[in-house]
Amino acid sequence: METEGMMAQKDVRTGFIGLGSQGGAMARRMVEEGYPLTLWARRKESLTPYNDTAATYVDTVEEMGELADHIGICVVDDVGVRDVAERLIPSMRPGSRLVIHSTIHPDTCVDIARTAVERDILLVDAPVSGGGQGAASRTLTVMMGGTKEAIAAVRPVLETFSGLMVHLGDVGAGQLAKLVNNSLMAAHVALGYEALAIGTAIGLDRPALTELIKVSSGRSFGFDVAARLSAPSEFAHGAKLLAKDVRLLREVLGDREAFSLLGATSEPFLMEAIALSH
């Protein structure tokens, strides 16, 4: 049963930009949980899946900024996030909040936050893990960076699609955590694939070894992904996404020795997967 406080939260006018497989599922959860939702998309056909919801549409990013109290962004890259933010922020009201769900460079979030704070707009970087299915089942992991005030303000909306929300520090901290997590995932896939190749080379039955590792100490989510691959090229789509995140972490860390092992483990496999897919 909803309390008066919960119902008051549902009066918050929300907006969302970036209706891909990840963002689209998050936006749907928001409107299905009762939040008034406004959508904008470069391609109008991206809005069609929401015709069966209470969501409304606007023709420009600026219109959304004028209407919404809470706006989520889940576009592909830094350039896209900067473009949307530069158009949104001048039209947003003081006290409203902007949440960046895209996985991008932490410095991009910090730069946008400087502009936002000048207009008294709260900004949180909140990349997610779990995919569209995780959003639909309300089990996404949300990694958050921002002030305590900003986190408290956006939390009720983010609860519509999350299973776990972790506040990791100031703006940019959510991105840093996502980059570390995804780089580790890439290394796990690479190591899992090589471990199975080694097993086969020394005469072990691959299906039997896979079954064993899946219930033993060497098991990881990355290993489970690797076990489904007969060749690195089958992981080309995932490799492209993870390669971007590994590259961003390399840019953040520069020449620090801390990155060397993680990069050396993950990057050759990712590059091979991408190259063999062409």
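What comes next is a walk through the structure. Quick caveat: nothing in here was measured; it's all calculated off a predicted structure.

## A short note on the overall build of the protein chain
Reasoning step 1: The secondary structure content of the protein chain amounts to twelve helices and nine strands.
Reasoning step 2: Relative to the compact-globule value of 19 Å for 278 residues, the protein chain shows a C-alpha radius of gyration of 20 Å, a close match.
Reasoning step 3: Along the longest, intermediate and shortest principal axes, the C-alpha atoms of the protein chain span 65 × 45 × 35 Å.
Reasoning step 4: Here the protein chain holds 278 residues, and 50% of them are scored as buried.
Reasoning step 5: Pairs at least 24 residues apart make up 64% of the contacts formed inside the protein chain by residues separated by at least 6 positions.
Reasoning step 6: Entry remark: accessible area of the protein chain is about 13,500 Å², with carbon and sulfur atoms responsible for 56%.

## Regarding the environment of Leu-176
Reasoning step 1: Position of Leu-176 relative to the elements: it lies in helix H8 (residues 173-201).
Reasoning step 2: Residue Leu-176 is classed as partly exposed on the basis of its relative accessible area, which comes to 34%.
Reasoning step 3: Sequence spacing of Leu-176 and Gly-134 is 42 residues, and the spatial spacing of their C-alpha atoms is 21 Å.
Reasoning step 4: With near-sequence residues (within four places) excluded, Leu-176 lies in contact with Pro-106 and Val-252.

## With respect to the side chain of Thr-38
Reasoning step 1: With respect to the helices, strands and loops of the structure, Thr-38 is situated in strand S2 (residues 37-40).
Reasoning step 2: Ignoring any residue separated from it by four or fewer positions in sequence, one finds Thr-38 in contact with Thr-14, Gly-15, Phe-16, Thr-56, Val-58 and Met-64.

## Details of the packing of aromatic side chains
Reasoning step 1: Counting across every chain of the model gives two aromatic pairs.
Reasoning step 2: Judged by centre distance (5.6 Å) and plane angle (45 degrees), the ring pair of Tyr-193 and Phe-269 falls under tilted. Remark: Phe-269 occurs in helix H12 (residues 257-276) and Tyr-193 occurs in helix H8; sequence separation between them is 76 residues. Take Tyr-193 and Phe-269: they sit in the same class, and that class is buried.
Reasoning step 3: Centroid distance Phe-235 to Phe-269: 6.3 Å. Interplanar angle 35 degrees. Geometry classified as tilted.

## Comments concerning the pairing of strand S4 (residues 70-73)
Reasoning step 1: Covered by surrounding structure in S4 are His-70 and Gly-72 together with Ile-71 and Ile-73, the residues of both alternating faces.
Reasoning step 2: Pairing geometry for strand S1 (residues 14-17) and S4, over four bridges, is parallel. When the sheet's bridge partners are listed, Ile-17 is paired in S4 with Ile-73.
Reasoning step 3: Here four bridges tie S4 to strand S5 (residues 97-100), and the two strands are oriented parallel to one another. The residue of S5 that forms the bridge with His-70 is Arg-97.
Reasoning step 4: Considered for its hand, the β-α-β crossover made up of S4, helix H4 (residues 78-88) and S5 is right-handed.

## A few points about the pattern of salt bridges
When the charged atoms of two side chains lie near each other, side chains of opposite charge can form a pair.
Reasoning step 1: Per the stated rule, a full pass over the model turns up 17 salt bridges.
Reasoning step 2: Residue Arg-87 is joined to Glu-62 by a salt bridge in which the shortest nitrogen-to-oxygen separation is 3.7 Å. Placement of Arg-87 in helix H4 and of Glu-62 in helix H3 (residues 61-67) is noted, with a sequence separation of 25 residues between them.
Reasoning step 3: Relative accessible area serves as the criterion here: at 25%, Arg-87 is assigned to the partly exposed category.
Reasoning step 4: Connected through shared salt-bridge partners, Arg-28, Arg-29, Glu-32, Glu-33 and Asp-52 make up one network.

## Things to note about H8
Reasoning step 1: Helix length check: H8 (29 residues) gives 42 Å between terminal C-alpha atoms against 42 Å at 1.5 Å per residue, within 8%.
Reasoning step 2: The first or second residue beyond H8 is Gly-203, which carries a positive phi of 95 degrees.

## Brief notes about the packing of H8 against H12
Reasoning step 1: In the contact formed by H8 and H12, the axes pass within 8 Å of each other and the chain directions differ by 65 degrees. Relative to H12, the element H8 is oriented roughly perpendicular. Viewed along their axes, H8 and H12 form a crossing whose handedness is left-handed. On H12, the residues touching Ser-183, Leu-184, Ala-186, Ala-187, Val-189, Ala-190, Leu-191 and Tyr-193 of H8 are Leu-262, Thr-265, Ser-266, Phe-269 and Leu-270.
Reasoning step 2: Considered class by class, the residues forming the contact of H8 with H12 number ten nonpolar, three polar and no charged.

Conventions used here
Residues numbered from 1 in each chain as written. Predicted model: local features only at pLDDT ≥ 70, side-chain atom pairs only at ≥ 80, totals over all residues. Heavy atoms only, no water. Helix = DSSP H or I, 4+ residues; strand = E, 2+ residues; numbered from the N terminus. Rg over C-alpha atoms; globule rule 2.2 N^0.38 Å. Buried < 20%, exposed > 50% of the residue type's maximum accessible area, 1.4 Å probe, protein only. Contact = heavy atoms within 4.5 Å. Areas by Shrake-Rupley, 256 points an atom, 1.4 Å probe, with all protein chains shown as cover. Phe/Tyr/Trp six-rings, centres within 6.5 Å; stacked < 30°, edge-to-face > 60°. Pairing = 2+ DSSP bridges. Right-handed = clockwise from strand over helix to strand, strands pointing away. Salt bridge = Lys/Arg side-chain N within 4 Å of Asp/Glu carboxyl O. Expected span 1.5 Å × (residues − 1). Axes fitted to C-alpha atoms, helices over the stretch in contact; angles between N-to-C directions. Parallel < 35°, antiparallel > 145°, perpendicular 65-115°, else oblique. Left-handed = near helix turned anticlockwise from the far one by under 90°. Nonpolar A, V, L, I, M, F, W, Y, C, P; charged D, E, K, R; others polar.

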